[in-house]
Amino acid sequence: MEILVTGGAGYIGSHTIVSLIENGFDTVVIDDLYSGHKEAVSEIKTQNFTGRQVRFYRGDFSDIALLDKIIKQHDIKGVIHFAAYSLVGESVTDPVKYYFNNIAKTVIFLNFLKNHGIGNFVFSSSAAVYGIPESVPIKETAPLNPINPYGATKLSVEKLLEYMKGAYKFNYISLRYFNAAGAHPTGIIGEDHNPETHLIPSVLRSLANGEGKATVFGNDYPTIDGTPIRDYIHVMDLSEAHVMTMKFLLESGETRSGVYNLGDGTGFSVMEIIKKIIEITGKEIKTEITDRRMGDPPVLVASYEKIKNELGFQLKYSIDDIISSAWKWHSSHPKGF
């Protein structure tokens, strides 16, 4: 049984391939390598002792000729869709780029899947669909008010999937996650973005390169120490959730759909994370306080009770595991892949 993974050479996609392999699935990967790394897929192939197949195709996920080739050569039973542009700031300065790639191309892709009878679709959505929450922890029933084009594109695809379920009995699950962090425990793959906009990898990369700097955007929020509080989830917990939901769709035997949050349900402030990094790495960090970023809410924390209660999802990794695994990756790959 083969699962098609778009964006499988990216950060979350590559870790999900590992989880798919460990759960007995063969995988077919499409990635144009705009932000992904073929080295991640190659490393997975090298370390794969289960005998599962990982086939890589470089290309655009909306390339009909490529998709035709893939479905003729592979028995695709489900799709996990990661391929998307995901820089919030860039989405504000270049919204057309984001709407074209994240919506228009996804419509082409979904239409192809529908026409070829391929359902069982797991969608990589985002907490950005909520915008600035009215209350925390955020439940799936919270108002959907994205405040940037990136979040708006994710919500648009979610709505399309909802309509496709009604019109074509199209199986899907959308996973809205908060801050993915960490790396595979072995250190074979990890997070390598350019530019890096997330707190944990940016600080750890700085440490790995001998700089040891951290920028804090605002320390006057109404929180425990004045810095924003965010929800972090280990990338391997996240990848397991994608495999769990894919299994659910494959085994349900009927048209199913759902939307689930993924996070840790608690949250940590920026300064708490920096202190944790100092504690785990044993290194000093020079902290610079600067102005708030526009649109940054004081607290973003998920409720993941729904996926826990309905599908039995459980977190395996703590914030210490997140930072220590990420440090293992960054300290051995200071320049990334």
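Residues numbered from 1 in each chain as written. Predicted model: local features only at pLDDT ≥ 70, side-chain atom pairs only at ≥ 80, totals over all residues. Heavy atoms only, no water.

Draft legend 1. Up close: the overall build of the protein. Helix and strand counts for the protein come out as 11 helices and 14 strands. Considered along the principal axes of its C-alpha atoms, the protein spans approximately 55 × 45 × 40 Å. In the protein, which comprises 337 residues, the share counted as buried stands at 54%. Counted over contacts in the protein with a minimum sequence separation of 6, partners at least 24 positions apart contribute 81%. Accessible surface, the protein as shown: approximately 14700 Å² in total, 50% of it carbon and sulfur. Averaging the positions of the 33 positive and the 39 negative side-chain charges in the protein gives two centres separated by 4 Å. (Helix = DSSP H or I, 4+ residues; strand = E, 2+ residues; numbered from the N terminus. Buried < 20%, exposed > 50% of the residue type's maximum accessible area, 1.4 Å probe, protein only. Contact = heavy atoms within 4.5 Å. Areas by Shrake-Rupley, 256 points an atom, 1.4 Å probe, with all protein chains shown as cover. Lys, Arg positive; Asp, Glu negative; His and termini not counted. Charge placed at Lys NZ, Arg CZ, Asp CG, Glu CD.)

Draft legend 2. Fine view of the side chain of Thr227. Tracing the backbone shows Thr227 in the loop between β8 (213-217) and β9 (229-230). A distance of 2.6 Å separates a polar atom in the side chain of Thr227 from a polar atom in the side chain of Asp225. From its side chain, Thr227 meets the backbone nitrogen of Met271 in a polar contact 3.3 Å long. (Polar contact = N/O pair within 3.5 Å; in protein donor to acceptor, adjacent residues only side chain to side chain.)

Draft legend 3. Region of the structure containing a positive patch on the surface. A cluster of like positive charges, contributed by Lys38, Lys45, Arg55 and Arg58, occupies part of the molecular surface. Where the positive patch is concerned, the elements lending two or more residues are α2 (38-47) and β3 (54-58). (Patch = residues over 30% accessible without salt bridge, like charges linked within 9 Å, V, L, I, M, F, W, Y side chains within 5 Å. Salt bridge = Lys/Arg side-chain N within 4 Å of Asp/Glu carboxyl O.)

Draft legend 4. Here's a closer look at the sheet that holds β3. If you trace the 7 strands from one edge of the open sheet to the other, you get β3-β2-β1-β4-β5-β6-β11, paired in parallel fashion. Either end of the sheet is taken by a strand with one partner, and the two such strands are β3 and β11 (257-262). Averaged over all pairs of adjacent strands, the angle between strand axes in this sheet comes to 15°, irrespective of strand direction. Examined bridge by bridge, strand β1 (residues 2-6) and strand β4 (residues 76-81) share 5 bridges and lie parallel to one another. (Pairing = 2+ DSSP bridges. Axes fitted to C-alpha atoms, helices over the stretch in contact; angles between N-to-C directions.)

Draft legend 5. Here's a closer look at unusual backbone geometry. With an omega of 0°, the peptide bond running from Val136 to Pro137 counts as cis. Its place among the elements puts Pro137 in the loop between β5 (121-126) and α6 (149-168). Residue Asn194 is joined to Pro195 through a cis peptide bond whose omega torsion reads 5°. Residue placement: Pro195 occurs in the loop between β7 (179-181) and α7 (199-208). One non-glycine residue, Leu33, lies in the positive phi region at around 65°. In this fold, Leu33 is placed in the loop between β2 (26-31) and α2. Look at Lys169: it is not a glycine, yet its phi comes out positive at around 55°. One can find Lys169 in the loop between α6 and β6 (172-177).

Draft legend 6. Representation of the nonpolar core in the model. Ile12, Leu175, Leu262 and Ile307 are the most contacted members of the largest nonpolar core, which totals 27 residues. Per-element accounting of this core gives the leading share, 7 residues, to helix α8 (residues 235-252). When neighbours within four sequence positions are excluded, Leu175 is seen to be in contact with Val122, Phe123, Ser124, Ser125, Ser126, Ala241, His242, Thr245, Tyr260, Leu262 and Ile307. Phe61, Leu113, Ile118 and Phe123 belong to the second-largest nonpolar core, a separate cluster that totals 23 residues. (Core = buried A, V, L, I, M, F, W, Y, C linked by side-chain atoms within 4.5 Å.)

Draft legend 7. Here's a closer look at the sheet that holds β9. Strand order across the open sheet formed by 3 strands is β12-β9-β14, with mixed pairing between neighbours. Among the strands making up the open sheet, the edge pair consists of β12 (268-269) and β14 (299-300).

Draft legend 8. Summary view of the packing of aromatic side chains. With the rule as written, the count across this model stands at 7 aromatic pairs. Look at Phe121 and Phe170: their rings are 5.9 Å apart centre to centre, the planes differ by 50°, and that puts the pair in the tilted class. Highlighted residues: Phe121 in strand β5 and Phe170 in the loop between α6 and β6, separated in sequence by 49 residues. A cation sits over an aromatic face here: Lys114 above Tyr168, 4.9 Å from the ring centre. (Phe/Tyr/Trp six-rings, centres within 6.5 Å; stacked < 30°, edge-to-face > 60°. Lys NZ or Arg CZ within 6 Å of the ring centre and 35° of its normal.)

Draft legend 9. Fine view of the environment of Tyr11. Take Tyr11: it is sitting in helix α1 (residues 11-22). When the C-alpha atoms of Tyr11 and Pro201 are compared, they prove to be 12 Å apart, with 190 residues separating the residues in sequence. One polar contact links the side chain of Tyr11 to the main-chain carbonyl oxygen of Ala181, over a distance of 3.4 Å. A distance of 2.6 Å separates the side chain of Tyr11 from the backbone oxygen of Gly182, its partner in a polar contact.

Draft legend 10. Representation of the packing of α7 against helix α11 (residues 319-332) within the structure. For the pair α7 and α11, the least separation of the axes is 9 Å and the interaxial angle reads 45°. One finds that α7 runs oblique with respect to α11. The handedness of the crossing between α7 and α11 comes out as right-handed. Judged by residue contacts, Ile200, Pro201, Leu204, Arg205, Leu207 and Ala208 of α7 engage Ile322, Ile323, Ala326, Trp327, His330 and Ser331 from α11. (Parallel < 35°, antiparallel > 145°, perpendicular 65-115°, else oblique. Left-handed = near helix turned anticlockwise from the far one by under 90°.)

Draft legend 11. Examining empty space enclosed by the protein more closely. Per the stated rule, a full pass over the model turns up 3 cavities of 30 Å³ or more. One number sums up the size of the largest cavity: a volume of about 40 Å³. Of the residues that constitute the lining of the largest cavity, the class distribution is 4 nonpolar, 6 polar and 1 charged. (1 Å grid on protein atoms, 1.4 Å probe; cavity = no way out; pocket = protein on both sides within 12 Å on 5 of 7 lines; lining within 4 Å. Points joined across faces, edges and corners; volume = space filled by probe spheres on them. Nonpolar A, V, L, I, M, F, W, Y, C, P; charged D, E, K, R; others polar.)

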